[in-house]
Amino acid sequence: MGGKVLFCRIGKIFAAAGGRLRKQHMKKIIFTMLLVAGAATASHAQKYRTAAGIRLGGDQFGATLQQRVAEKSTLEGIALVGSREYSGTVLYQRHWPMLGKRFNYYLGGGGHLGNLKDHGVFTGLDAIVGVEYKINGLPFLLSADVKPALHFNHEDWVNLATGISIRYVILPEKKEKKKLWPFGKQQEEEEKSGWPFG
């Protein structure tokens, strides 16, 4: 009986306190709760499968398309136009987190094919190292990189290009459904590892 009385008193105290709050305070509380919920949702929606945008580098301008092919790997296609040449590059990149899942660095390599004025078709090999940042709450990726290239049939045999890319996330990564049973993931890992016999 004493527990019920205590519960009723606590309820009356909260009801009285709620009645004293003005509408402005309630609106601020609701607005703050919505912001927190939105930030929490955005912090989980960091990964992407496909992103496309623009690339700026020196005297060249172009488009970039990035497609995730594995958990930490992407393929990137770059089409660039300069004052005397145009080219297309395909790069395989491996990503590692730096400061959380939103900020990472990547390394990779690939090749390119292009056309240079007065020289014709050229080819070459590329390497790339860069950093990438997924803007929290927005479907945009920012990246900066250094892309050394070795050219064949080009007036410059070696080129050390730098670039900045801004990409829009076209296809975000699907969110994993949370399991209600707290031991499901551990049980699956144990089964995969052969525990207790592995």
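In this text, all values refer to a predicted model and were calculated from it rather than measured experimentally.

Asks: Where do I start with the pattern of salt bridges in this structure?
Replies: Two side chains bearing opposite charge may form a pair once their charged atoms approach each other closely. Enumeration over the complete set of coordinates arrives at 6 salt bridges. With a closest N to O distance of 2.8 Å, arginine 167 and glutamate 76 form a salt bridge. One end of the pair, arginine 167, is in strand β8 (residues 158–172); the other, glutamate 76, is in strand β3 (residues 73–81), and 91 residues separate them in sequence. Residues arginine 84 and glutamate 155 are paired through a salt bridge, measuring 2.7 Å at the closest nitrogen-oxygen approach. Residue arginine 84 is located in the loop between β3 and β4 (85–97), and its partner glutamate 155 is located in the loop between β7 (140–152) and β8; the two are separated by 71 residues in the primary sequence.

Asks: What exactly am I supposed to notice about the packing of aromatic side chains here?
Replies: The geometry of an aromatic ring pair comes down to the distance between the two centres and the angle between the two planes. Across all of its chains, the model carries 3 aromatic pairs by this definition. Centroid distance tryptophan 96 to tyrosine 105: 5.4 Å. Interplanar angle 25°. Geometry classified as stacked. On the basis of an interplanar angle of 65° and a centroid distance of 5.5 Å, the ring pair of phenylalanine 140 and tyrosine 168 is categorised as edge-to-face. You can see phenylalanine 140 sitting in strand β7 and its partner tyrosine 168 sitting in strand β8, a full 28 residues away along the chain. Since its relative accessible area comes to 42%, tyrosine 168 is described here as partly exposed.

Asks: Looking at this structure, how should I read the side chain of glutamine 60?
Replies: Of note, glutamine 60 is situated in strand β2 (residues 60–70). Taking relative accessible area as the criterion, glutamine 60 reaches 18% and is therefore assigned buried. Among all residues touching glutamine 60, those that are not within four sequence positions of it are Arg55, Leu80, Val81, Gly82 and Glu85.

Asks: For this particular structure, what's the right way to read the pairing of strand β1 (residues 48–57)?
Replies: Residues in a regular strand point their side chains to alternate faces of the sheet. For β1 and β8, the ladder comprises 8 bridges, and the chain directions are antiparallel. From the neighbouring strand, isoleucine 54 faces β8, where its bridge partner is isoleucine 166. As defined by bridge partners, β1 adjoins β2 across 8 bridges and the pair is classed as antiparallel. Paired with glycine 57 across the bridge in β2 is glutamine 60.

Cut-off values and rules
Residues numbered from 1 in each chain as written. Predicted model: local features only at pLDDT ≥ 70, side-chain atom pairs only at ≥ 80, totals over all residues. Heavy atoms only, no water. Salt bridge = Lys/Arg side-chain N within 4 Å of Asp/Glu carboxyl O. Helix = DSSP H or I, 4+ residues; strand = E, 2+ residues; numbered from the N terminus. Phe/Tyr/Trp six-rings, centres within 6.5 Å; stacked < 30°, edge-to-face > 60°. Buried < 20%, exposed > 50% of the residue type's maximum accessible area, 1.4 Å probe, protein only. Contact = heavy atoms within 4.5 Å. Pairing = 2+ DSSP bridges.

Purely geometric stuff here, so don't read any function into it on its own.
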